[in-house]
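# Results of the structural survey
For reference, the chains in residue letters:
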Amino acid sequence: MKKQICILGSTGSIGTQALDVIEQHSDLYEVYCLTANNRYEMLAQQARKFRPAAVVIANKDYYENLKALLADMPDIKVYAGAQALDEIVEAGPVDMVLTAMVGYAGLSPTIHAIRARKTICLANKETLVVAGELICRLATQYNVNILPVDSEHSAIFQSLVGEGNNEIEKILLTASGGPFRKFTLEQMADVKAADALKHPTWDMGAKITIDSASMMNKGFEVIEAKWLFGVEADKIQVLVHPQSIVHSAVQFADGGVKAQLGVPDMRLPIQYAFSYPDRLSLNAPRLDLFKQPLEFFEPDMKKFRCLAMAYEAIRQGGNMPCVVNAANEIVNEAFRHDRCGFLQMADIIEATMQKATFITKPTYDDYVATDAEARRIAAEMLG
Ligand code: NDP
Ligand code: MG
């Protein structure tokens, strides 16, 4: 029986690479559903090729367009709207849901997928940043596996295979450092979106590329690691590793350190989430350790304040990471459209953290309210 996969965000960077993996292993995997937000033409092309049972376009404005493009393929059901995402992940045949959509919008369908007992291949880290406690509690309650797709977390996960209950002493979370690693604060004050979108080692979607440049992405990954592996943030050390070869490592009680290495290629962690615990062949470049030295540096939290704020948010706990995520989504988008300076992003996030209502033990409804409140506060500061 082929595994039936639902890809949330199939038109994005992770989504398209996941389709490449599925194509390479079409004897094992089948696409049950593909979804996008706006890019309905690409979604229709993907649907023609992979012939899923259903497609969902989150933005309802494009429903008619998508439907018209697939009019000659009556076997493919076409749906629209955010609620359709919540429903499609619950469909009986679905075995695995790859959460490859960007941002807070990933939270609700992920919760629905867990409640329907679907295996989660988690790329959408914002889900764990916003509501890590809730997601982990639900995953335990419904006995659902959450398999990390983020390369660092996949590396940690791979390093933990066979370790049973052996305790993690420390997580070594690597970061490329982004395009502004060597910039001074003065230089960083003037950078534009086009500069930030030139990532040195990874080719990713626009939002995460900006988050990588500010190192908010690494802060989010600290929070993601805390929830995925049950390790407190003070035991998660970020290492700037410009080559992006060591994808992260785990240190154990005896001082032993296990890491996973490879060329920067997201198809490996995507495929490993699909095939775990098996390893499948992957037609991709191999690592050549003779090619370059491997370097490691301490991150500069004064320059990259977003990283420090993410640590602070997880230290405070409650809804604070949700506040940071919401404010970050606002300033990230504003920066991409030249409505916010690069360093101003951290200022606005910090001020939002101070102004937003703090909730120690948030429920799902509290997260929804927090997200809305923090977005409003951050947007007001943009003017
Ligand atoms: P992209 O921007 O490339 O793709 C995002 C996808 O989500 C697109 O299919 C987009 O549709 C869809 N989408 C966007 N907004 C919504 C919405 N509101 N509702 C429904 N669908 C939506 O992002 P990436 O692939 O780079 O990243 C996806 C997730 O994976 C993020 O959470 C990111 O942090 C994480 N991740 C990504 C990595 C990477 O290498 N790219 C590495 C590790 C984690 P449309 O095309 O129509 O806009
Ligand atoms: Mg990552």
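Values in this document were obtained by computation on a predicted structure and should not be read as measured data.

Moving on to the coordination of the magnesium ion (ligand 2). Every protein donor of the magnesium ion (ligand 2) is accounted for by Asp 150 (OD), Glu 152 (OE) and Glu 221 (OE), and the metal-donor separations fall at 2.1 to 2.2 Å. Sequence positions of the donors to the magnesium ion (ligand 2) reduce to the motif D-x1-E-x68-E. Separated by 69 residues along the polypeptide, Glu 152 in helix α7 (residues 151-160) and Glu 221 in helix α11 (residues 216-229) bring together distant segments of the chain. One exposure class covers both Glu 152 and Glu 221, and it is buried.

Counted according to the given criterion, the structure contains 21 salt bridges. The closest approach of N and O atoms between Glu 152 and Lys 218, which form a salt bridge, is 2.8 Å. Here the residue Glu 152 occupies a position in helix α7, and Lys 218 occupies one in helix α11, the gap between them amounting to 66 residues. For the pair Glu 152 and Lys 218, one class covers both residues: buried.

As for its position among the elements, Gln 251 is in strand β10 (residues 246-252). In terms of polar contacts, Gln 251 uses its side chain to reach the side chain of Glu 169, at 2.7 Å. Setting aside residues no more than four positions away along its own chain, Gln 251 makes contact with Ile 168, Glu 169, Lys 170, Gly 256 and Val 257.

Around ligand 1 sit 25 residues, and of these Thr 11, Asn 38, Arg 39, Glu 126 and Gly 205 come closest. One of the backbone nitrogen or oxygen atoms of Gly 9 is found 3.3 Å away from an oxygen atom of ligand 1. Gly 12 is positioned with one of its backbone polar atoms (N or O) 3.2 Å from an oxygen atom of ligand 1. Taking 890 Å² as the accessible area of ligand 1 by itself, protein coverage stands at 88%. Put simply, the parts of the chain that give the shell around ligand 1 at least two residues each are α1 (13-24) and α6 (125-141). Two domains each donate at least three residues to the shell around ligand 1, and these are domain 1 (3-148) and domain 2 (153-316).

All right, on to the domain arrangement of the protein chain then. The assigned domain composition of the protein chain is domain 1 (3-148) and domain 2 (153-316). For domain 1 and domain 2, the distance between their C-alpha centres works out to 25 Å. Of the residues lining the interface, 27 residues belong to domain 1; the matching set on domain 2 comes to 30 residues. Regarding the contact of domain 1 and domain 2, the summed buried area is about 2,400 Å², with carbon and sulfur atoms giving 71% of it. Where domain 1 packs against domain 2, one counts three salt bridges. Residue Glu 221 is joined to Lys 125 by a salt bridge in which the shortest nitrogen-to-oxygen separation is 2.9 Å. If you list the elements that add at least two residues to the side of domain 1 that touches domain 2, you get α1, β5 (96-99), β6 (119-122), α6 and β7 (146-148). By residue number, the principal contributor to the side of domain 1 that touches domain 2 is α1, which donates eight residues. Residues belonging to the side of domain 1 that touches domain 2 are distributed by class as follows: 18 nonpolar, five polar and four charged.

On to the pairing of strand β2 (residues 29-36), then. In terms of residue burial, β2 counts as a mostly covered element, since seven of its eight residues are buried. As defined by bridge partners, strand β1 (residues 3-8) adjoins β2 across five bridges and the pair is classed as parallel. Across the sheet, Ile 7 pairs through a bridge with Leu 34, a residue of β2. Looking at chain direction, β2 and strand β3 (residues 54-57) are connected through four bridges and run parallel. Considered in β3, the bridge of Cys 33 is made with Ala 54. Following the backbone out of β2, through helix α2 (residues 40-50) and into the adjacent parallel β3, one traces a crossover that is right-handed.

Definitions and limits used
Residues numbered from 1 in each chain as written. Chains lettered and ligands numbered in written order. Predicted model: local features only at pLDDT ≥ 70, side-chain atom pairs only at ≥ 80, totals over all residues. Heavy atoms only, no water. Donors = N, O, S within 2.8 Å, 3.2 Å for Na, K, Ca; no water. Helix = DSSP H or I, 4+ residues; strand = E, 2+ residues; numbered from the N terminus. Buried < 20%, exposed > 50% of the residue type's maximum accessible area, 1.4 Å probe, protein only. Salt bridge = Lys/Arg side-chain N within 4 Å of Asp/Glu carboxyl O. Polar contact = N/O pair within 3.5 Å; in protein donor to acceptor, adjacent residues only side chain to side chain. Contact = heavy atoms within 4.5 Å. Near = heavy atom within 4 Å. Areas by Shrake-Rupley, 256 points an atom, 1.4 Å probe, with all protein chains shown as cover. Domains from an automatic or database assignment. Buried area = accessible area lost by both parts, 1.4 Å probe. Nonpolar A, V, L, I, M, F, W, Y, C, P; charged D, E, K, R; others polar. Pairing = 2+ DSSP bridges. Right-handed = clockwise from strand over helix to strand, strands pointing away.

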